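What follows is each chain in one-letter form.
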There are 2 protein chains.
Amino acid sequence: MPRGREKITPLMHRVLQTLSASRVHLTAEEILECLEGVGRATVYRALDRLCEQGLINRLSLESGTSVYEYVREPHMHFVCRECGNLYDIPAEFASSLEQIMTKCGHSIVKTDVTAYGVCKNCRMAE
Amino acid sequence: MPRGREKITPLMHRVLQTLSASRVHLTAEEILECLEGVGRATVYRALDRLCEQGLINRLSLESGTSVYEYVREPHMHFVCRECGNLYDIPAEFASSLEQIMTKCGHSIVKTDVTAYGVCKNCRMAE
DNA sequence: TACAATAATGATACAGAGTCTCAAAAACGA
DNA sequence: TCGTTTTTGAGACTCTGTATCATTATTGTA
Ligand SMILES: [Zn+2]
Ligand SMILES: [Zn+2]
Ligand SMILES: [Zn+2]
Ligand SMILES: [Zn+2]
């Protein structure tokens, strides 16, 4: 049960469309470029609220920047340090993670499983 | 088998000492404060190289900043969105993660399992 | 409809974290 | 020792993201 404001403003809707259509992970700046004439602050506001409502997912990468994705199936991520590609890995640890955290007394809102290394393509190419 | 420069400079050593002694997760700026008279660039350089050599671990948080820790046992992290505390959770997914990623053809260098939510203390206090 | 209150938006100044450049200092090697 | 390479520090700079605030759009109501 999300507790934030549930309303979806016109701009939130456009951002959601952009992410849902792109099928990849986009940075805030990339989304900004897609939405011509829209102010930077507005895009960041929309992204925050969509995250709060659980409609999109923010991923904080090693590089310092965040990328956003439309929420579909739960999955993990793999980031290649050679080419920078970000791969969706279809597996789920959420339930077992939640168990462990619950034992510690914490309540989980979001889990984030990311691995870093060298992807198949880059390894082949070397 | 790390491939970076293996040498440890005097400053890298001081940074390593600082992290090893503190037993908590420190930001680059906090480390900078501990090491009076040391240049900002030097600290960031040292942190990068220590990460490459696998002696310390960088954690990229939702907040946009990174924290560093001395590498001890593998563990997961839990970040409380209320109080900001970062908890070490003693459990390990590395081996099963590695299996899955390997099936996808990628080779893992580092895994990062972090959950966000509300910690025990904050939940009690409400 | 007309009007007041509230919410959303955009321009822009601002802040924080981290990087780049370059010259000085230190370490190294012959 | 003396020249070469590495490390370091100061500070300018970049890049994400935030805060402020006036303008515009929406909403609710008389
Ligand atoms: Zn790659
Ligand atoms: Zn994804
Ligand atoms: Zn807490
Ligand atoms: Zn830790």
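Sequence positions are assigned chain by chain, starting from 1 and proceeding in written order. As they are written, the chains are lettered A onward and the ligands numbered 1 onward, keeping that order. Restriction of local features to residues with pLDDT of at least 70 applies here, the model being predicted, together with a cutoff of 80 or more for giving and counting side-chain atom pairs; totals for whole chains, interfaces and linings are based on all residues. Side-chain descriptors were evaluated using all non-hydrogen atoms of the structure, hydrogens and water having been removed beforehand.

All names here are of chain A. In this structure, Cys 80 (SG), Cys 83 (SG), Cys 119 (SG) and Cys 122 (SG) serve as the protein donors to the zinc ion (ligand 1), at separations of 2.3 to 2.4 Å. Around the zinc ion (ligand 1), the four donor atoms sit at angles spanning 106 to 116 degrees, and that spread fits a shape best called tetrahedral. When the donors of the zinc ion (ligand 1) are listed by position in the chain, the intervening gaps give C-x2-C-x35-C-x2-C. Of this pair, Cys 83 sits in the loop between strand 4 (76-80) and strand 5 (86-89) while Cys 122 sits in helix 5 (residues 120-125), placing them 39 residues apart in sequence. Burial status follows relative accessibility: with a 1.4 Å probe on protein chains alone, a residue under 20% of its type maximum counts as buried, one over 50% as exposed, and anything between as partly exposed. Judged by relative accessible area, Cys 83 falls into the partly exposed class, the value being 39%. Any nitrogen, oxygen or sulfur atom within 2.8 Å of a metal ion counts as a donor, with the limit raised to 3.2 Å for Na, K and Ca, and since water is left out, coordination shells can look unfinished. Note on geometry labels: four donors, all angles 85 to 135 degrees, give tetrahedral; four donors become square planar and six octahedral when opposite donors are over 155 degrees apart and every other angle is between 65 and 115; remaining cases are irregular. Only DSSP runs of H or I reaching four residues or more are called helices, and only runs of E reaching two or more are called strands; each is numbered from the N terminus.

All right, on to the pairing of strand 2 (residues 56-60) of chain B then. Residue and element names in this part refer to chain B. When you tally the buried positions in strand 2, you get five out of five residues, the bulk of the element. Residue alternation in strand 2 divides its side chains into two sets, Ile 56, Arg 58 and Ser 60 and Asn 57 and Leu 59, and both sets are buried. Strand pairing is assigned whenever DSSP identifies at least 2 bridges connecting the two strands. Two strands pair when backbone bridges link them, and strand 2 and strand 3 (residues 66-70) are joined in this way by five bridges, in the antiparallel orientation. What sits directly across from Leu 59, in strand 3, is Val 67.

This paragraph deals with the packing of helix 1 (residues 10-22) of chain B against helix 3 (residues 40-52) of chain B. Residues and elements named next belong to chain B. With their axes 9 Å apart at the nearest point, helix 1 and helix 3 run at an angle of 75 degrees to one another. Accordingly, the angle class assigned to the pair helix 1 and helix 3 is roughly perpendicular. Contact residues: Leu 11, Met 12, Val 15, Leu 16 and Leu 19 in helix 1; Thr 42, Ala 46, Leu 47, Arg 49 and Leu 50 in helix 3. Across the contact of helix 1 with helix 3, the residue classes tally to eight nonpolar, one polar and one charged. Note on method: axes are straight lines fitted to C-alpha atoms, helices fitted across the in-contact stretch only, with angles between N-to-C directions ranging 0 to 180 degrees. An angle below 35 degrees is read as roughly parallel, one above 145 as roughly antiparallel, one from 65 to 115 as roughly perpendicular, and any other as oblique. We call two residues in contact when some of their heavy atoms are within 4.5 Å. Throughout, the ten residues Ala, Val, Leu, Ile, Met, Phe, Trp, Tyr, Cys and Pro are labelled nonpolar, Asp, Glu, Lys and Arg are labelled charged, and all others, Gly among them, are labelled polar.

Another aspect to go through is the domain arrangement of chain A. Size of an interface: often given as the accessible area lost when the parts come together. All names here are of chain A. Domain segmentation is taken from an automatic or database assignment of domains. According to the domain assignment, chain A contains domain 1 (1-72) and domain 2 (74-126). For domain 1 versus domain 2, the separation of C-alpha centres amounts to 20 Å. Contact residues are listed per partner, giving 10 residues for domain 1 and 10 residues for domain 2. Defined here as a combined quantity, buried area equals the accessible surface (1.4 Å probe) lost by two parts on assembly, summed across both. For the pair domain 1 and domain 2, the summed buried area comes to about 790 Å², and 51% of that belongs to carbon and sulfur atoms. Taken as a group, His 25, Leu 59 and Glu 62 account for 53% of the area that domain 1 buries against domain 2, more than any other trio of residues on that side. Any Lys or Arg side-chain nitrogen found within 4 Å of a carboxyl oxygen on Asp or Glu counts as a salt bridge. Here domain 1 is connected to domain 2 by one salt bridge. Residues adjacent in sequence count toward polar contacts only when both atoms are side-chain atoms; beyond that, a polar contact is any pair of N or O atoms within 3.5 Å, and within protein one must be able to donate a hydrogen and the other to accept it. Viewed at the interface, domain 2 and domain 1 are joined by seven residue pairs in polar contact (both at pLDDT 80 or more). Within the residue set of the side of domain 1 that touches domain 2, elements represented by two or more residues are strand 2 (56-60) and strand 3 (66-70). No other element matches strand 2, which puts four residues into the side of domain 1 that touches domain 2. Split by residue class, the side of domain 1 that touches domain 2 holds three nonpolar, three polar and four charged.

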